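Structural overview for review
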Amino acid sequence: MEIKDFAVEQWMNEWETKCTYNVAETCVFSVSLDELFEICETDATAFMAEQAKRPLTYGDIEGNPAFLEGVASLYKTIEPHHIIPTHGAAGANMLALSTLTGPGKRVVSIMPTYQQLYSIPEMCGADVRILHLEKDDAYHVNINRLREVCSDGADVICINNPDNPTGALLSEEELRGIIEVAKEHDAWLVCDEVYRLLTQDGAYQPSVADLYDKGVVTSSMSKVWSLAGLRLGWCITRDPQLRRQLLSHRDYDLISCGILNEAIAALALSHKDRLLERSHRIVTQNLQSVMEWVDAEPRLSIVRPQGGTTALVYYNFPIDSYDFCTRMVQEEGALVTPGDCFEEPRSFRLGYAYSDNVNDLEEGLAAISRFLRKLEASA
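Everything numeric here is computed off the predicted structure, so don't read it as measured data. (Residues numbered from 1 in each chain as written. Predicted model: local features only at pLDDT ≥ 70, side-chain atom pairs only at ≥ 80, totals over all residues. Heavy atoms only, no water.)

**Regarding the sheet that holds strand β3 (residues 106–111)**
As summarised here, the arrangement of the seven strands in space is β2-β8-β7-β6-β5-β3-β4, forming an open sheet in which the pairing is mixed. The sheet is open, and its two edges are formed by β2 (83–86) and β4 (127–132), each paired on a single side. Averaged over all pairs of adjacent strands, the angle between their axes in this sheet comes to 20°, without regard to strand direction. With four bridges joining them, β2 and strand β8 (residues 233–236) adopt antiparallel strand pairing. (Pairing = 2+ DSSP bridges. Helix = DSSP H or I, 4+ residues; strand = E, 2+ residues; numbered from the N terminus. Axes fitted to C-alpha atoms, helices over the stretch in contact; angles between N-to-C directions.)

**Describing the sheet that holds strand β10 (residues 310–315)**
Adjacent strands of a sheet pair through backbone hydrogen bonds, lying either parallel or antiparallel. Within the open sheet, the four strands sit side by side as β9-β10-β13-β12. Their pairing is antiparallel. The two strands at the open ends of the sheet, each matched to only one other strand, are β9 (300–302) and β12 (337–338). Bridge analysis of β12 against strand β13 (residues 347–351) gives two bridges, and the strand direction is antiparallel. Across the sheet, residue proline 338 finds its bridge partner in β13, namely phenylalanine 348. This element, helix α12 (residues 272–295), spans β9 and β13 of the sheet and lies at about 135° to β9. (Contact = heavy atoms within 4.5 Å.)

**A closer look at the side chain of asparagine 286**
Relative to the elements of secondary structure, asparagine 286 occurs in helix α12. Asparagine 286 sits in the buried class, given a relative accessible area of 0%. Excluding anything up to four places from it in sequence, asparagine 286 contacts Tyr352, Ala353, Ser355, Val358 and Leu361. (Buried < 20%, exposed > 50% of the residue type's maximum accessible area, 1.4 Å probe, protein only.)

**Some details on the pairing of β13**
Counting buried positions over the five residues of β13 gives five, a clear majority of the element. Neither face of β13 is left uncovered, since the one carrying Ser347, Arg349 and Gly351 and the one carrying Phe348 and Leu350 both have all their residues buried. Summarising the sheet, β10 and β13 pair through five bridges and their orientation is antiparallel. Note on β13: the bridge partner recorded for leucine 312 is arginine 349.

What follows is the structure, encoded as C-alpha cells:
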C-alpha cells in the first residue's frame, strides 16, 4: 500500500538535531530518569535493582497491570481491560485507523490536524472527506458544517483534542455535539487525545472515551508526561468486539510493549498529579511569553491556544512556509514546523513547552524575530 509522505515527521527528522533552538518540539520538556525518580520521591537504586532482576521476556502481553491501572485513572469510566498498550500514540493511531477503515468505508477528518488521521485511512482505501477548521472560528468544529460533510454517510469521524497544530480545545458541549452527529450515522469517533489534560486554565478535560460508547481514544506518555523516549502509548475502546479486533491486528506487528518501559510509565502515572502540575506550570508560563512576543511582532498573527503545547502562527511575507522555515533554521538556528505540513500556507507551528526555563524559549523567539527583521530589510 502506498501512503503520502508524513510531512511533519520527515521535517523533524531532517532538522531537529541540526538546530540551536528547537521551537518545533511538541513534548513538555522531557525528564530524565533521575528527574522522574526525584519527582516521584522514589529510590532510584532500589527501583533499578528490582528491574535488573527481571527476565527480559515479552512481559504482560496485554499490558502491565500497574500501567493499565495508571492509564485508567486518567478517565472517569475506563477500566484496565478497555486499554490496549501501543508503541506511542503514533502506533495507537495506526492500530485504530487501520482496523476501522478500508475500502468501502467513509471517513471524515478535521484539518489541520495530525496527518495520520486522514493519510492512514487514505492508505487503507477509505473514502476520506475533510472538514476544514477555520481561523475565524478559532479552529473549533462547526457542528452544522460537520453534519453537511457527513450528509452522504460516515463510518468513522476523526478529531484531535486539543488540536495539533492550533491548540484549539473542544468543550464537553462541543464534543457531545460531534457525538450526536456520529450517532446519526452509527459512526466510530476516533479522537487523538495525546495533549489531553494540558489546558491553560487547568480545568479537567473530558474524554471521548467516557462520553461515547463508540468512542476510540489514542494517547501516550510523550507530550503531557514528558516521557517520549518510552515510546509507549495506548488505544481505548469500551466495545468488546472492537477490542478483540484491535488485539488481533496488534498481534501481527507488536505482540507486546517493553516491560521496562511499562514499569517506568506505571511509576510516573502513580504520581500523575505531580507530573501534571509540572507540565501545567511550563505551558502556562511559556505561552504567556509567546503571546507577548506575537503581540510585539506586527507581521505575525495567532489564535491563542487553549490546550496542548503547540500554536499555529501566521506570517505576512510572500514566502513559502518551507522556504521560510528552512532559511530560518539555517540562518538563525531556530526550528519551527512549516504550516504547509498541515496544508496551512504562510504559517508555522511553534512548540512552546520545550524548556522549563522561559528564558530558553525567549532566546528561540528572539532568533525568529531576527529572521523576521532580515525579511523586512529585503522586502
